[in-house]
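# Architecture at a glance
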Amino acid sequence: MSFFLKDKTIRFHAYINSKLFTYSTRIKIDRSEWNLKIQRPKARRGEIGENNRKITHELNEYQRIYDDLKSYYKQSFTKEVIKQKFDEHFQRAKTIKKLNYSDYFQIYLQQKKDSQSVQKDSWQKYTRIHTAILELQSKNKTTYYLHDFDSAFFNELIAYFRKDKNISDNTLRRKLGFMKSFLNWCVKNGYSVNTAFKDVKVKGRETSHISLSHADLEILETIELDETKSYYRDLFLIGVYSGQRFSDYKRFDRTYIEGDNIVIRAKKTGQFSYIPLNKKLKRLLEKYDWNLHTISGQKFNDHIHEICRIAGFTEIVNRDKFYGNKKITEKIPRYKLIASHTARRTFITLSEQRGVSHSLIMKVTGIKSLKTLENYIRIDKDRLSDAILKAWD
């Protein structure tokens, strides 16, 4: 397949079952802006460059649809099929439309999907921020373009998340990070973007995430539970003994064994973890013959909450949430703060307390930066108190 110009109109050209098929895209471009070698508009700066890039995206869409149809229909692929599908998809547009924010975001997501660079959970995070912006767009009865994302827009978006969506600052900060990734992609690809986003910042707050103490762990290891709860307790303990994310330790099987270690590439980051097969970890994996049947993360967390309630982790703790300069303190039973990721925090915290070096903990967990590791380590208040009292009494 190829594209060529005829009277300044770009035409699609392909041989289908040895028969020539020609289709007018009805997109017009001056011959001086056409790169004959690559069969696309020339790369330019400024307004002409932006228009050329829009046309390039449109032509890439023709090629994508053509390839998809050819793969799907195989021997049934005919000129009539492709003409019908082209007519339906492009609605016989006479001119290329001005792309709005949503158009660019769909291109961005499609590129990530095509490159397989986004896991399912991250994909959902991208679409959630996109959905929120579309909601704000609908609320304001407008259509957003890339140049609309100025300081006033971000102030409104942040207020919308805090007031309408009841989203705290730490979560909001992560959401804005996904939006900034998209806008940086726009800049990288030469699209005209309001650069106000570079100055948008939401202060991160120290989290209320907890880890289990050595005494907590002993209770959890020995408590009597029914068969179902016992399994999910064991699955949680596998997370504690390995230091991995739930998305990784639920995938453990014998194919990952290398010598006395489990070597696995993290699903989220692609980073390798080197996990020593300690006695407790090996015993639990062999108990289930390395065949771990799992459920969704949310359902697993529900089981962990109930197990930790039975274990007696019911004392009331304070959990602070920040919404700008507003702080809300919730009083909540500790067991409700314990979830699948607590296993990873517990491994990191107890390993550090037991004298394992930070560099070795990072090798086991696949964490690349010391700053990230320190965010996982919870303070042992008794140990802290003993050290200070010893120094000052």
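Residues numbered from 1 in each chain as written. Predicted model: local features only at pLDDT ≥ 70, side-chain atom pairs only at ≥ 80, totals over all residues. Heavy atoms only, no water.

Now for the overall build of the protein chain. In terms of helices and strands, the protein chain carries 15 helices and 10 strands. Relative to the 2.2 N^0.38 estimate, which gives 21 Å for 393 residues, the radius of gyration of the protein chain is 28 Å and therefore markedly larger than a compact globule would have. Going through the 393 residues of the protein chain one by one, you find that 41% of them count as buried. Sequence separation of at least 24 residues holds for 58% of the intrachain contacts in the protein chain that already meet a minimum separation of 6. Just so you have it, the protein chain exposes about 23000 Å², and 48% of that area is on carbon and sulfur atoms. A distance of 6 Å separates the average location of the 76 positive side-chain charges in the protein chain from that of its 47 negative side-chain charges. (Helix = DSSP H or I, 4+ residues; strand = E, 2+ residues; numbered from the N terminus. Rg over C-alpha atoms; globule rule 2.2 N^0.38 Å. Buried < 20%, exposed > 50% of the residue type's maximum accessible area, 1.4 Å probe, protein only. Contact = heavy atoms within 4.5 Å. Areas by Shrake-Rupley, 256 points an atom, 1.4 Å probe, with all protein chains shown as cover. Lys, Arg positive; Asp, Glu negative; His and termini not counted. Charge placed at Lys NZ, Arg CZ, Asp CG, Glu CD.)

Another point: the nonpolar core. Grouped together as the largest cluster of nonpolar side chains are 48 residues, with contacts concentrated most on Leu220, Phe236, Phe252 and Leu285. Among the elements that make up this core, the one with the highest residue count is helix 8 (residues 227–242) (eight residues). Not counting residues within four places of it along the chain, the set of residues in contact with leucine 285 comprises Ile238, Phe252, Ile262, Leu277, Trp290 and Leu292. (Core = buried A, V, L, I, M, F, W, Y, C linked by side-chain atoms within 4.5 Å.)

Moving on, we get to helix 1 (residues 46–73). Under the 1.5 Å per step criterion, the end-to-end length of helix 1 is 41 Å for 28 residues, consistent within 8% with the ideal 40 Å. Looking only at helix 1, the buried set comprises Gly49, Asn52, Arg53, Lys54, Ile55, His57, Leu59, Tyr62, Ile65, Tyr66 and Leu69. Positive phi appears at lysine 74, one or two residues downstream of helix 1, with a value of about 50 degrees. (Expected span 1.5 Å × (residues − 1).)

Hydrogen bonds between backbone groups are what pair the strands of a sheet, and the pairing can be parallel or antiparallel. Here three strands make up an open sheet; going across it, the order is 1-2-3 and the pairing antiparallel. Each of the sheet's edge strands pairs with one partner strand only, and the pair in question is strand 1 (2–6) and strand 3 (19–28). Averaged over neighbouring strand pairs, the angle between their axes works out to 30 degrees when direction is ignored. Of the strand pairs in this sheet, strand 2 (residues 9–16) and strand 3 are connected by eight bridges, and their pairing is antiparallel. Opposite alanine 14, over in strand 3, you have phenylalanine 21 as the bridge partner. Against the sheet, helix 2 (residues 79–90) touches strand 2 and strand 3, its axis set at about 15 degrees to strand 3. (Pairing = 2+ DSSP bridges. Axes fitted to C-alpha atoms, helices over the stretch in contact; angles between N-to-C directions.)

Relative to strand 2, strand 1 runs antiparallel, the two sharing five bridges. Across the sheet, the residue bridging to leucine 5 is isoleucine 10, located in strand 2. In this antiparallel pair of consecutive strands, strand 1 and strand 2, the connection spans two residues, and aspartate 7 shows a positive phi of 55 degrees.

The subject of this paragraph is the environment of glutamate 80. Following the sequence through the fold, glutamate 80 ends up in helix 2. Remark: the alpha-carbon pair of glutamate 80 and lysine 180, spanning 100 residues in sequence, is separated by 43 Å.

On to the side chain of aspartate 216. Residue placement: aspartate 216 occurs in helix 7 (residues 214–222). The exposure class of aspartate 216 is buried, given its relative accessible area of 11%. Apart from the residues lying within four places of it in its own chain, the contact partners of aspartate 216 are Phe313 and Arg334.

Right, let's get into the side chain of arginine 40. Tracing the chain through its elements places arginine 40 in strand 5 (residues 40–41). Despite being buried, arginine 40 has no salt bridge partner; aspartate 67 is the closest side chain of opposite charge, sitting 8.3 Å away. If near-sequence neighbours (up to four positions away) are discounted, arginine 40 is found in contact with Phe3, Glu33, Trp34, Asn35, Thr56, Leu59, Asn60 and Gln63. (Salt bridge = Lys/Arg side-chain N within 4 Å of Asp/Glu carboxyl O.)

This part covers a positive patch on the surface. A grouping of Lys125, Arg128, Arg174 and Lys268 is seen on the molecular surface, where their side chains present a positively charged patch. Relative to the helices and strands, arginine 174 is located in helix 6 (residues 169–188). (Patch = residues over 30% accessible without salt bridge, like charges linked within 9 Å, V, L, I, M, F, W, Y side chains within 5 Å.)

Bringing the packing of aromatic side chains into the picture now. Taken as a whole and judged by the stated rule, the model has 32 aromatic pairs. Plain terms: the ring middles of phenylalanine 3 and phenylalanine 12 are 5.7 Å apart, the flat faces sit at 75 degrees to each other, and that makes the pair edge-to-face. Note on phenylalanine 3: relative accessible area 3%, which makes it buried. The exposure class of phenylalanine 12 is buried, given its relative accessible area of 0%. Between tyrosine 126 and phenylalanine 178, the aromatic rings sit 4.8 Å apart at their centres with planes inclined by 80 degrees, giving edge-to-face as the arrangement. Remark: phenylalanine 178 occurs in helix 6 and tyrosine 126 occurs in helix 4 (residues 120–139); sequence separation between them is 52 residues. A single burial state applies to tyrosine 126 and to phenylalanine 178, both of which are buried. (Phe/Tyr/Trp six-rings, centres within 6.5 Å; stacked < 30°, edge-to-face > 60°.)

Regarding helix 10 (residues 279–287), the residues found buried are Leu281, Leu284 and Leu285. Projected down its long axis, helix 10 shows its buried positions confined to an angular sector of 100 degrees, all on one face. Here the buried face of helix 10 lies against helix 8, strand 7 (261–265) and strand 8 (272–276). The N-cap of helix 10, judged by a side-chain oxygen 3.2 Å from the amide nitrogen of lysine 280 a few residues on, is asparagine 278. (Arc of directions from axis to C-beta. Polar contact = N/O pair within 3.5 Å; in protein donor to acceptor, adjacent residues only side chain to side chain.)

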